[in-house]
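Observations on chain architecture
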Amino acid sequence: MAFVEFENVDKVYEMGEVRIDALHGVSFTIEKGEICVIVGASGAGKTTLLNILGGMDRLTAGSVRLDGELISGCGKRRLTEYRRRDVGFVFQFYNLIPNLTALENIEIAAQLCANPLDPATVLAQVGLAERANNFPAQLSGGEQQRVAIARALAKNPKLLLCDEPTGALDYKTGKAVLRLLQDTARERGMTVVVITHNSALTAMADRVISLRSGAVDDVRVNPSPCDIADIEW
């Protein structure tokens, strides 16, 4: 059994008489410990897919499993626990709490889960031990994203979901953030899913899933993922 399983997933949004088929017939698997890059143009359904996998949105038809559990069949209470304990989220625009320090942003996330890692240790692991008492406004974009990654990792999640994690960063800083994600996946054996419109990033992945118009266009397993240092875009 694969670690992540999507089977014939449909997602339909209805607003009055307007019907939007965001996903239709989506099926794929991801193995434990893989870096999976989901790539596609704007409107392809990437964020909808990520929201369903993260327990933030409900599917219309089909099934989704994580580590053998039928996530798509969970009630509200279990989905809340799932988001708190099993999944770490990294967003494009960081979503840090502005009136909390870097360390406090990580601590507040760690308090929500059952087996958190030590916040100060995780902050040091992303290279920001000396910035623990700085507020988000006192940090660069790259530093804020590293805090966001540390916040996600402190939850000790089964799955790390990254929504355009370098979209708001310059090239050099973006590569540093991707290096951190790649190293984390390799060192911890963590399953990492990255969604992006940047097809160059597929070279870093163990598995690449291409979406087009709400459907899976291609699934490719990469036997020799590239080091981030060797990727250019």
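Here, the structure is the one placed above.
Residues numbered from 1 in each chain as written. Predicted model: local features only at pLDDT ≥ 70, side-chain atom pairs only at ≥ 80, totals over all residues. Heavy atoms only, no water.

1. Observations regarding the sheet that holds strand β9 (residues 207–212)
Note the threshold: In this analysis, strands are considered paired if DSSP registers two or more bridges between them. Runs of E in the DSSP output that reach at least two residues are strands. Runs of H or I that reach at least four are helices, and both are numbered from the N terminus. A fitted line through C-alpha atoms represents every axis, and for helices the fit uses only the stretch in contact; the resulting angles, taken between N-to-C directions, go from 0 to 180 degrees. We call two residues in contact whenever any of their non-hydrogen atoms come within 4.5 Å of each other.
The strand order β6-β7-β8-β3-β9-β10 describes an open sheet built from six strands, whose pairing is mixed. Of all the strands in the sheet, just β6 (87–90) and β10 (215–221) have a single pairing partner and so form its edges. Direction aside, the axes of adjacent strands within the sheet are offset by 15° on average. On top of the sheet, helix α6 (residues 171–188) reaches β3 (35–39), β7 (159–163) and β8 (191–196); it is set at about 140° to β3, its chief contact.

2. Observations regarding the nonpolar core
The tendency in soluble globular proteins is for nonpolar side chains to be buried as a group. Selection criterion: In these notes, a set of buried Ala, Val, Leu, Ile, Met, Phe, Trp, Tyr and Cys residues joined through side-chain atoms within 4.5 Å is what counts as a nonpolar core. Relative accessible area decides the class of each residue, using a 1.4 Å probe on protein chains only: under 20% of the type maximum gives buried, over 50% gives exposed, and in between gives partly exposed.
If you look at the biggest cluster of nonpolar residues, it comprises 40 residues, and the most contacted ones within it are L123, V147, I149, L160, C162, V192 and M204. Elements supplying a minimum of two residues to this core: β3, α3 (102–110), α4 (119–125), α5 (141–154), β7, α6 and β8. Broken down by element, the residue count for this core peaks at seven residues, all from α5. When neighbours within four sequence positions are excluded, I149 is seen to be in contact with V90, V177, L180 and L181.

3. A closer look at α3
Filter applied, for reference: Working definition: the arc comes from the directions between the helix axis and the C-beta atoms, pointing outward to the latter.
Looking at α3, one finds that the buried residues are A102, L103, N105, I106, A109 and A110. The buried residues of α3 all sit within an arc of 160° when viewed along its axis, so they share a single face. The secondary structure elements touched by the buried residues of α3 are α4 and α5.

Everything listed is a geometric property; what it means functionally is a separate question.
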